[in-house]
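Secondary and tertiary structure notes
Spelled out, the chains give:
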Amino acid sequence: MPLSTLKMNLGTGFCLDVRATLTSGQAFRWQQSADGLWWGTVDDTVLVLRQTEEDTPYRFEWQTYPLPDRWEVVADYFRLSVPLESLYEEWEHAEPTLHEAIERYRGLRVLRQPPRECFFAFQCATCNTVVKIERSVKKLAERYGTPIETPLGTAYTFPTLSALANADERLLRSDLWGYRAPRVIHLAQHLLAMPPNWLESLRTVPYPIAKAELVELHGIGAKIADCICVFCLDKDSATPVDTHIRKITCRLFRPDLEQKSLTPRVYEEVVQEWQSRFGEYAGWAQQYLFLAEMSKNTKK
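Figured I'd write up the structure that's included with this text. All figures in this text were calculated on a predicted structure; none of them were measured in a lab.

As for the overall build of the chain
Looking only at helices and strands, the chain features 15 helices and seven strands. In terms of overall dimensions, the chain is globule-like: its C-alpha atoms have a radius of gyration of 19 Å, near the 19 Å expected for 300 residues. Seen through its C-alpha atoms, the chain measures out along the principal axes to roughly 55 × 45 × 40 Å. Out of the 300 residues belonging to the chain, those deemed buried represent 51%. In the chain, once contacts between residues fewer than 6 apart in sequence are set aside, the share between residues at least 24 apart is 66%. When the accessible area of the chain is evaluated, it comes to approximately 13,800 Å², of which 52% is carbon and sulfur surface. Each charge class in the chain can be summarised by its mean position, and for the 35 positive and 39 negative side chains these summaries are 6 Å apart.

Okay, structure coming up:
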């Protein structure tokens, strides 16, 4: 299928900044071609997107492979039904300092990723750089996923639980998974022993229950559980707390926490600060300030 079949989205209701969304630390297998096309895999579908005008979050081209014209995949993955413009008003009313980040990243959305890929990708995220996470997750898919041919090259589905449960630990270590390699295999084996689609079923339970279920698993702490909750399980109020979010919280909301260690109790206080201000979509609001903080640190 030629790229000439890319479809144009002209609806002003679908506010989406493709670059900001795909480079904000949520997902790790997106690539950009020399001519500005972004492409990545969602389950067994490859999405191709391109922002069609600079500085506009409203117009973009898109297509899906190998089956064409699957707009429902695009809309679901990018959560296009979430009304960003009305949320911006609520957030700025709650915290005026959010205005700069909103203007800079208008159209940044929290993704609705396939739970299996999100779950395992964030096993690689602890004490690791984004570049290494991307390399590790990409290599995992190439080794154990199924290839999908597209006009831009070969893409890969994310591996099944069975494939991960039977992965070669030595090869995983060589692919930059290091000490995380046996954890990936162990978790895949554990999930295989759970009821079918257990991970996906966490989308239907309240956030506290989903988080509690996740932290029961070996090697998953509060931060990784919150990442999984917000980036694939529809828990929009979940707020992952790392050093950046802790620093932002102390600067804007709770200077009294600055000298305190990030104990489980302090972690929950930070989460509650975000949820009390930004409500149901606190996890989305934090993504804007998180990306702004990361960008600021990158320039230093």
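A closer look at the side chain of Ser 237
Position of Ser 237 among the secondary structure elements: in the loop between α12 (222–232) and α13 (243–252). Not counting residues within four places of it along the chain, the set of residues in contact with Ser 237 comprises Tyr 207, Gln 275, Gly 279, Glu 280, Ala 282 and Gly 283.

Thoughts on helix α9 (residues 181–193)
Taking 1.5 Å as the rise per residue, α9 with 13 residues should run 18 Å; its terminal C-alpha atoms sit 19 Å apart, in good agreement. Turning to α9, its buried residues number three or more, namely Ala 181, Arg 183, Val 184, Ile 185, Leu 187, Ala 188 and Leu 191. Where α9 is buried, its residues contact α5 (115–121), α7 (161–165), α8 (169–177) and α10 (198–201).

A look at unusual backbone geometry
Cis geometry is adopted by the peptide bond preceding Pro 66, which originates at Tyr 65 and carries an omega value of -5 degrees. Note that Pro 66 resides in the loop between β5 (60–65) and α2 (71–77). Despite not being glycine, Arg 79 has its phi angle at roughly 50 degrees, a positive value. Within the element layout of this structure, Arg 79 appears in the loop between α2 and α3 (84–94). Classification of Arg 79 by relative accessible area gives buried; the value is 12%.

Quick notes on the environment of Val 241
Take Val 241: it is sitting in the loop between α12 and α13. C-alpha of Val 241 to C-alpha of Ala 222: the two residues are 19 residues apart in sequence and 8.3 Å apart in space. Residues in contact with Val 241, not counting those within four places in the same chain, are Lys 223, Arg 246, Leu 262, Tyr 267, Val 270 and Val 271.

Considering the environment of Gly 40
Mapping Gly 40 onto the fold places it in strand β3 (residues 38–42). Relative accessible area serves as the criterion here: at 5%, Gly 40 is assigned to the buried category. Gly 40 sits 48 residues away from Tyr 88 along the chain, and the two C-alpha atoms are 28 Å apart. With near-sequence residues (within four places) excluded, Gly 40 lies in contact with Arg 29, Trp 30, Thr 45, Val 46 and Leu 47.

Thoughts on the side chain of Gln 63
Relative to the helices and strands, Gln 63 is located in strand β5. A distance of 2.6 Å separates a polar atom in the side chain of Gln 63 from the backbone nitrogen of Asp 69.

Some thoughts on α13
Here α13 has its buried residues at His 244, Ile 245, Arg 246, Ile 248, Thr 249 and Cys 250. Between a side-chain oxygen at the N-terminus of α13 and the backbone nitrogen of His 244 the separation is 3.0 Å; the capping residue is Asp 242.

Brief notes about the environment of Val 42
Inspection of the secondary structure assignment puts Val 42 in strand β3. What makes Val 42 buried here is its relative accessible area of 8%. As a C-alpha pair, Val 42 and Glu 117 span 75 residues in sequence and 9.0 Å in three-dimensional space.

What counts, and at which threshold
Residues numbered from 1 in each chain as written. Predicted model: local features only at pLDDT ≥ 70, side-chain atom pairs only at ≥ 80, totals over all residues. Heavy atoms only, no water. Helix = DSSP H or I, 4+ residues; strand = E, 2+ residues; numbered from the N terminus. Rg over C-alpha atoms; globule rule 2.2 N^0.38 Å. Buried < 20%, exposed > 50% of the residue type's maximum accessible area, 1.4 Å probe, protein only. Contact = heavy atoms within 4.5 Å. Areas by Shrake-Rupley, 256 points an atom, 1.4 Å probe, with all protein chains shown as cover. Lys, Arg positive; Asp, Glu negative; His and termini not counted. Charge placed at Lys NZ, Arg CZ, Asp CG, Glu CD. Expected span 1.5 Å × (residues − 1). Polar contact = N/O pair within 3.5 Å; in protein donor to acceptor, adjacent residues only side chain to side chain.

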